[in-house]
Amino acid sequence: MELWYSLVALLPFDWAQPGGMYFMKNALLAVLVISPLFGILSTMVVHSRMSFFSDALGHSAFTGMAIGALCGFSEPTWAAVLFAIFFALLFNFVRRRTHLASDTVIGVFSSTAVALGIFLSTLGGKSFTKFNSLLIGDILSVEPGKIALLAAILALIVALWCLSFNQLMLSAVHPALANSRGIQVFWQETVFSVAIAVVVTLSMTWVGLLVINSLLVLPAAAARNVARNMTQYHLVSLVGALVAGIAGLMTSYYIDSSAGSAITLYLAIWFFLSFLFRKRG
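Here the structure is a predicted model, which is why all the values come from computation and not from measurement.

Parameters and conventions
- Numbers given to residues run from 1 along each chain, matching the order in which its sequence is written.
- Whole-chain, interface and lining totals are the exception, using all residues; otherwise, since this is a predicted model, local features are given only for residues with pLDDT of at least 70 and side-chain atom pairs are given and counted only at 80 or more.
- As a rule here, side-chain values come from all non-hydrogen atoms in the structure, and water together with hydrogens is ignored.
- The way it works is a 1 Å grid over only the protein atoms, where trapped points that fit a 1.4 Å probe form a cavity and open points with protein on both sides within 12 Å along at least five of seven lines form a pocket, and then any residue with an atom within 4 Å of a point lines it.
- Grid points are joined across faces, edges and corners, and a volume is the space filled by probe spheres set on the points.
- Secondary structure elements follow DSSP: runs of H or I no shorter than four residues count as helices, runs of E no shorter than two count as strands, and numbering proceeds from the N terminus.
- Helix span is expected to be 1.5 Å times the residue number reduced by one.
- Type-normalised accessible area, obtained with a 1.4 Å probe on protein chains alone, sets the label of each residue: buried when under 20%, exposed when over 50%, and partly exposed for intermediate values.
- Think of it this way: a Phe, Tyr or Trp ring, Trp meaning its six-membered ring, pairs with another when their centres are within 6.5 Å, and the plane angle makes it stacked under 30 degrees, edge-to-face over 60, tilted otherwise.
- Two residues qualify as a contact provided that any one of their heavy atoms is within 4.5 Å of a heavy atom in the partner residue.
- For this analysis, a polar contact is any N or O atom pair within 3.5 Å, provided that within protein one partner can donate a hydrogen and the other can accept it, and provided that sequence-adjacent residues contribute only side-chain to side-chain pairs.
- Residue types Ala, Val, Leu, Ile, Met, Phe, Trp, Tyr and Cys, when buried and joined through side-chain atoms within 4.5 Å, form a set referred to as a nonpolar core.
- Axis definition: a line fitted to C-alpha atoms, limited for helices to the stretch in contact. Angles are taken between N-to-C directions and run from 0 to 180 degrees.
- Roughly parallel here means an angle under 35 degrees, roughly antiparallel means over 145, roughly perpendicular means 65 to 115, and every remaining angle is called oblique.
- Left-handed describes a crossing in which the near helix is turned anticlockwise from the far one by less than a right angle; the clockwise case is right-handed.
- As a working rule, the residues Ala, Val, Leu, Ile, Met, Phe, Trp, Tyr, Cys and Pro are called nonpolar, Asp, Glu, Lys and Arg charged, and the rest polar, with Gly in that last group.

Asker: What's the story with empty space enclosed by the protein in this structure? I'm lost.
Answerer: Under the criterion given, the structure shown has four cavities of 30 Å³ or more. Put simply, the largest cavity is a space of about 60 Å³. Together, Val31, Ile34, Ser35, Ile139, Val207, Leu215, Gly245 and Ile263 line the largest cavity. For the lining of the largest cavity, the element with the most residues is helix H2 (residues 22-47), which contributes three residues.

Written out as structure tokens, the structure is:
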């Protein structure tokens, strides 16, 4: 981290000066890691028409937090990660064995997760207020250890993209054709779902449950308006998420607002601008 703090000290901001404001420096590094993660995953979420899946995963992560707190874990985040992974695996299992549309299955899982989370968090007359921070998030509370974990996940996601992008894309566009080509569609979808589950759960406490779904939808939605090929689609999504992440953090710091909501607003502005200048034909 000392190398990062030395690099940040070169920036022309009051909080970047050496010897203090480490929470802001950590938050900037977290944004530089989280934004590409969401930018990359966003393209697959939109392409697979699973935009509400990440929202359902956020609800399941909240339920996992409640379970972890109920069990007395000092770090309930890990309980949330495990529950979100279980949720993603169960969702894929049920979706492939039912004739219901994906959005219907997502709705069932999402509402169940919300109800279970509220039930467990208020069990025995307990107050729900201790979970309020999860709703809006606080990226200024991010710890260096969690940033390192997210950086490792980013490296794994990039490796996954490089090794199996074509298989993932074909599985999303035409599952039957993918199966005929020998691609294990179920396992492709499972790995992708687990990746989203881990990223959403670990980021929820910093971004906020109420807006985290937007980070997995808006970057790719905007990129799809202006991109003319698959390379542009991914690049524009990644760069758009990164720019919005940095701008949102700076804005939240100087006007004292929620970083998650500020990032979302910049992404929304980018989406509407991309719609005005969308590709024709």
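Once you've had a look at it, read on.
Asker: What am I meant to see in helix H12 (residues 230-255) here?
Answerer: For an α-helix, the turn length of 3.6 residues means that residues three or four places apart are oriented alike. Given a rise of 1.5 Å per residue, 26 residues ought to cover 38 Å, and the 37 Å separating the end C-alpha atoms of H12 matches this to within 8%. Burial in H12 covers these residues: Tyr233, His234, Ser237, Gly240, Ala241, Ala244, Gly245, Gly248, Leu249, Met250 and Ser252. Just downstream of H12, Asp256 is the residue with a positive phi angle, here 60°.

Asker: Explanation requested: the packing of aromatic side chains in the structure shown.
Answerer: Aromatic rings in a pair are described by how distant their centres are and how their planes are angled relative to each other. Per the counting criterion, the structure on display carries eight aromatic pairs. With a centroid separation of 6.4 Å and 70° between ring planes, the pair formed by Trp15 and Tyr253 is classed as edge-to-face. Of this pair, Trp15 sits in the loop between helix H1 (2-8) and H2 while Tyr253 sits in helix H12, and the two are 238 residues apart along the sequence. Judged by relative accessible area, which is 24%, Tyr253 ranks as partly exposed.

Asker: What's the story with helix H13 (residues 259-276) in this structure? I'm lost.
Answerer: Over its 18 residues, H13 runs 26 Å from end to end, which matches the ideal 26 Å to within 8%, given 1.5 Å per residue. For H13, the complete set of buried residues consists of Ala259, Gly260, Ala262, Ile263, Thr264, Leu267 and Ser274. Those residues of H13 that are buried lie in contact with helix H9 (185-207), helix H10 (212-215), helix H11 (218-226) and H12. The opening residue of H13, the one whose side-chain oxygen lies 3.5 Å from the backbone nitrogen of Gly260, is Ser258.

Asker: Even after reading the chapter, I still don't get the nonpolar core, so can you show me in this structure?
Answerer: Where a protein is soluble and globular, its nonpolar side chains tend to be buried together. In this structure, Trp161, Phe192 and Ile196 are the most contacted members of the largest nonpolar core, which totals 72 residues. When residues in this core are grouped by element, the largest group, 14 residues, is from H2. If near-sequence neighbours (up to four positions away) are discounted, Ile196 is found in contact with Leu41, Val45, Phe53, Ser54, Leu57 and Leu216. The next biggest cluster of nonpolar side chains, apart from the first, holds five residues, and it includes Val46, Ala220, Ala227 and Tyr233.

Asker: Would you mind going over the packing of H2 against H9 with me for this structure?
Answerer: A pair of packed helices is captured by two measures, namely the crossing angle of their axes and the spacing between those axes. The contact between H2 and H9 brings their axes to 11 Å, and the two run at 140°. It follows from the interaxial angle that H2 and H9 lie oblique. Considering the relative orientation of H2 and H9, their crossing is left-handed. Mapping the contact onto sequence places Ile34, Leu37, Phe38, Leu41, Met44 and Val45 in H2 and Phe192, Ala195, Ile196, Val199, Ser203 and Trp206 in H9. Split by residue class, the contact of H2 with H9 holds eleven nonpolar, one polar and no charged.

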